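Each chain is listed here by its residues.
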Amino acid sequence: MLRQFVRQFGQKLMRKRLLEPIDESERPVAHLNLLNLVIVGVGRMLIAGVYILAGAVAKYIAGPATIISFLVAAMFSVLSGLCYAEFGAWVPRFGSAYLYSYVTYGSTLCLRHWLELHTSLCYGLGPLGSGGFAPFGFEGILQGTATCFYYFFGVDVLATKGGEAINPHRSIPWSILITIFICFLAYSGVSVALTLMVPYYQIQPHNPLPQAILHSLWLPARYFVIIGTLCALISRLHSAMSRMPPLIYTMAEDGLLFRVLTRIHVRTGIRVVAMMSAANLTGLMALLFKYTDLVDLVSVGTLFVYSLVAFSVLVLRYQPDQSLSKNENTQGEIEMPGLDGHLLDSEPEARNSNILKSLWFPISTIPTRKSGQIVYGCASLLVLLMIILSVILVQWSSQGFSEDSGYTPGAVLLLLLIIGVTVIIWRQPQNPIPLYFKVPALPVLPLVSIFVNLYLMMQITSGTWIIFGIWNVIGFLIYFGYGIRHSLENDE
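Cut-offs applied
- All residue numbers here refer to positions counted from 1 along the written sequence of the relevant chain.
- Owing to the predicted nature of the model, reporting of local features is limited to residues with pLDDT of at least 70; listing and counting of side-chain atom pairs is limited to 80 or more, with chain, interface and lining totals taken over all residues.
- Only hydrogens and water are set aside when side-chain values are computed; all heavy atoms of the structure are taken into account.
- Numbering of helices and strands runs from the N terminus; a helix is a DSSP stretch of H or I covering at least four residues, while a strand is a stretch of E covering at least two.
- For every residue, the accessible area (1.4 Å probe, protein chains only) is compared with the maximum for its type, and the residue is labelled buried under 20%, exposed over 50%, or partly exposed between those bounds.
- Shrake-Rupley sampling with a 1.4 Å probe provides the accessible areas, and residues are treated as covered by the protein chains on show and by no other component.
- By nonpolar core we mean a set of buried residues, namely Ala, Val, Leu, Ile, Met, Phe, Trp, Tyr and Cys, connected to one another through side-chain atoms within 4.5 Å.
- Only heavy atoms enter the contact rule, under which two residues are in contact if any of them lie within 4.5 Å.
- Axis geometry follows a simple rule: fit a line to the C-alpha atoms, using only the stretch in contact for helices, then measure angles between N-to-C directions, giving values from 0 to 180 degrees.
- In these notes the angle categories are as follows: under 35 degrees is roughly parallel, over 145 is roughly antiparallel, 65 to 115 is roughly perpendicular, and the rest is oblique.
- Handedness of a crossing follows from how the near helix is turned relative to the far one, being left-handed for an anticlockwise turn of less than a right angle and right-handed for a clockwise one.
- Asp, Glu, Lys and Arg are counted as charged, while Ala, Val, Leu, Ile, Met, Phe, Trp, Tyr, Cys and Pro are counted as nonpolar; the rest, among them Gly, fall into the polar class.
- Classification of ring pairs uses Phe, Tyr and Trp, with its six-membered ring standing for Trp, and accepts pairs whose centres are within 6.5 Å; under 30 degrees between planes counts as stacked, over 60 as edge-to-face, and the remaining range as tilted.
- Any Lys NZ or Arg CZ found within 6 Å of a ring centre and within 35 degrees of that ring's normal is scored as a charge over the ring.
- Note on definitions: salt bridges are taken to be side-chain nitrogens of Lys or Arg within 4 Å of carboxyl oxygens of Asp or Glu.
- For every residue, the pLDDT score states the predictor's confidence, bounded by 0 at the bottom and 100 at the top.
- Expected span, for any helix, means 1.5 Å times one less than how many residues it has.
- Whenever a nitrogen or oxygen atom comes within 3.5 Å of another N or O atom, the pair is scored as a polar contact, on the condition that within protein one atom can donate a hydrogen and the other can accept it, and that pairs from neighbouring residues in sequence are kept only if both atoms are in side chains.

Draft legend 1. Up close: the overall build of the protein. In terms of helices and strands, the protein carries 20 helices and 0 strands. Sorting the 492 residues of the protein into buried and exposed places 51% on the buried side. Carbon together with sulfur atoms contributes 67% to the accessible area of the protein, which is approximately 22800 Å² in total.

Draft legend 2. View of the nonpolar core. Core analysis: the biggest nonpolar cluster contains 106 residues, and Y151, F152, I180, Y187 and I425 have the highest contact counts within it. Those residues in contact with I180 that lie beyond four places of it in its chain are M45, A74, S77, V78, F152 and V155. By size, the runner-up hydrophobic cluster in this structure holds 13 residues, among which are M241, M244, L257 and A278.

Draft legend 3. Focus on the environment of I166. With respect to the secondary-structure elements, I166 resides in the loop between α9 (156-159) and α10 (168-197). Classification of I166 as partly exposed rests on a relative accessible area of 44%. Ignoring sequence-local partners within four residues, the contact set of I166 consists of A30, H31, L32, N33 and S171.

Draft legend 4. Spatial organisation of the environment of Q430. Looking at where Q430 falls in the secondary structure, it is placed in the loop between α18 (407-427) and α19 (444-457). Taking the relative accessible area as the measure of exposure, Q430 reaches 31% and is therefore partly exposed. The spacing of Q430 and I366 is 64 residues in sequence and 6.3 Å in space, taken between C-alpha atoms. What Q430 contacts, discounting residues up to four positions off in sequence, is R317, Y318, P367 and L442.

Draft legend 5. Broad picture of the packing of helix α4 (residues 66-90) against helix α14 (residues 291-316). Viewed as axis vectors pointing N to C, α4 and α14 meet at an angle of 55°, and their least axial separation amounts to 9 Å. By the angle between their directions, the pair α4 and α14 is classed as oblique. The way α4 lies across α14 gives a crossing that is left-handed. In contact with S80, C83, Y84, E86, F87 and W90 of α4, α14 contributes V305, Y306, V309, A310, S312, V313 and L316. Among the residues making up the contact of α4 with α14, the classes are represented as 10 nonpolar, 2 polar and 1 charged.

Draft legend 6. Examining the packing of aromatic side chains more closely. Within the structure shown, the criterion is met by 14 aromatic pairs. Consider the rings of F149 and Y306, whose centres lie 5.8 Å apart with planes at 65°: the pair is edge-to-face. Of this pair, F149 sits in the loop between α8 (137-148) and α9 while Y306 sits in helix α14; the two residues are 157 residues apart in sequence, bridging distant segments of the chain. Taken as a pair, F149 and Y306 share a single burial class, namely buried. Look at F451 and Y455: their rings are 6.3 Å apart centre to centre, the planes differ by 25°, and that puts the pair in the stacked class. Of this pair, F451 and Y455 both sit in helix α19, 4 residues apart, which is roughly one turn of the helix. When the ring centre of Y249 is taken as origin, the NZ or CZ atom of R271, which lies over that ring, is 4.7 Å away.

Draft legend 7. Focus on the pattern of salt bridges. One pass over the full model with this rule turns up 1 salt bridge. We note a salt bridge from E86 to R317, for which the minimum N-O separation is 2.7 Å. Residue class for R317 comes out buried when judged on its relative accessible area of 5%.

Draft legend 8. Spatial organisation of the packing of α4 against α8. For the pair α4 and α8, the least separation of the axes is 8 Å and the interaxial angle reads 55°. Considered as vectors, α4 and α8 are oriented oblique to each other. Crossing handedness for the pair α4 and α8: right-handed. The residues of α8 that touch α4, namely those facing I68, S69, F70, V72 and A73, are G140, I141, G144, T145 and C148.

Draft legend 9. Structural view of the confidence of the model for the protein. Of the residues in the protein, 75% reach a pLDDT of 70 or more, and the chain-wide mean stands at 76. The least confident element of the protein is helix α15 (residues 348-352), whose mean pLDDT is 47; the most confident is α19, at 91. A low-confidence stretch, residues 123-129 (pLDDT under 50), is modelled with 23 contacts involving residues beyond four sequence positions or located in other chains. Taken as a whole, residues 328-352 scores under 50 in pLDDT and shows 41 contacts with residues more than four places along the chain or in a different chain.

Draft legend 10. Structural detail: α14. Taking 1.5 Å as the rise per residue, α14 with 26 residues should run 38 Å; its terminal C-alpha atoms sit 37 Å apart, in good agreement. The buried count for α14 comes to 24 of 26 residues, which makes it a mostly enclosed element.

Draft legend 11. Broad picture of the environment of G475. In this fold, G475 is placed in helix α20 (residues 462-486). Assessed through its relative accessible area of 4%, G475 is described here as buried. Residues G475 and L256 lie 219 residues apart in sequence; the distance between their C-alpha atoms is 9.9 Å.

Draft legend 12. Inspection of the side chain of S171 at higher detail. Within the secondary structure layout, S171 lies in helix α10. One polar contact links the side chain of S171 to the main-chain carbonyl oxygen of I166, over a distance of 3.1 Å. In this structure S171 touches L34, L37, A165 and I166, once residues within four positions along its chain are discounted.

Draft legend 13. Focus on unusual backbone geometry. A cis amide bond links L442 with the next residue in sequence, P443, at an omega value of 5°. Following the sequence through the fold, P443 ends up in the loop between α18 and α19. Unlike most non-glycine residues, N167 shows phi in positive territory, near 55°. Looking at the secondary structure, you find N167 in the loop between α9 and α10. Residue N167 is classed as partly exposed on the basis of its relative accessible area, which comes to 34%. Positive phi, close to 55°, is recorded for A441, a residue that is not glycine.

Okay, here's the thing in structure tokens:
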């Protein structure tokens, strides 16, 4: 009885949403060239809040080395962007990481995109340093990178344009690269101009650029900067508010949030309850938290979402053929070890097989259920090892990477284990399904992306992690108290 209950509960946690078939008349026509995609990407990614945040990061976290923080964040955002591009190829529909996770992994992981709500809504700051280009040292640059990472969030909008893009296997990855580069130039330009006009320790964090221009005695430019900043902030607020209600509405329509959020105004057709909820939640968080604290919170969510996407790409490529659509055979869905009844009812063949031989010398040249489970298990183990390694490296860096530190043997051992498990994944057969874009250098590139994201997450302050934990607890309470019983997938 208990076994059956655990099995049914596990199936509820991992139930997946099947995509509605696309009518041929509704299928998008490829019309977006590289320039169109870059314009869309820059419009989504370029955030006016950098005019404020650059001052806080320069004064309290990284000093003039803020430009290095933006550079490192941009470089590693490229890795996440390429993973997002392949993820968009697996699920060829316009949507957020919420839709992707629900389709590929199920309702529990997609609920983690409760995080996307606070990403649409919106450092603990250290003491002053002494001077120079990097007054807060290497640790300050990494902390600045973790904060600046949020400003490169937005590649999802490009990853979902594969069906509308001309020559998507070339235009999608190149548009992501060019978009990130353009935004890096804009962000780094603001930080360089700011730190060249005034010493970093004299920056006014709440009004950095106008005050810096006032300090430089070029008074007329101050008013142009103020007006431009206000216009940009209002535009970004409107953009954020236009994205948040559809996400709330979609989750409520799927049964994961309260049904009242799906109410639509009869005359105007506006998602009125979802829109009011988004506005009230935005105002409440703006009232309770400082802007820099919200940016830190959003950075954690962004890094988590990017890690989840990279993990998904890594696992999906090694799974057997599957269908994510309702009008096709769904028996080939991804089989994850420990997430369905197959692990509880182990087959005699699985018990008697030579596990070691399967790890190093797979029998089949195409993915099987067994090889897919091996990859999923190894990838999960790698995430755990990388978390431990990230914690050790953060503690070790606080001691200046001293050779006398006791962290050296542990770090070397973990690195060897990570390399060994990565080789096991590399030996497994990949799915030959044709996609308009595939991440190169699998499994190394997604794993590097996951590790970098985890390491940057460890740079976030404990206060931000507490707020992050509270937000997740609220999300899980809503899910286990309401969503798990009212999900539409219960009827499938």
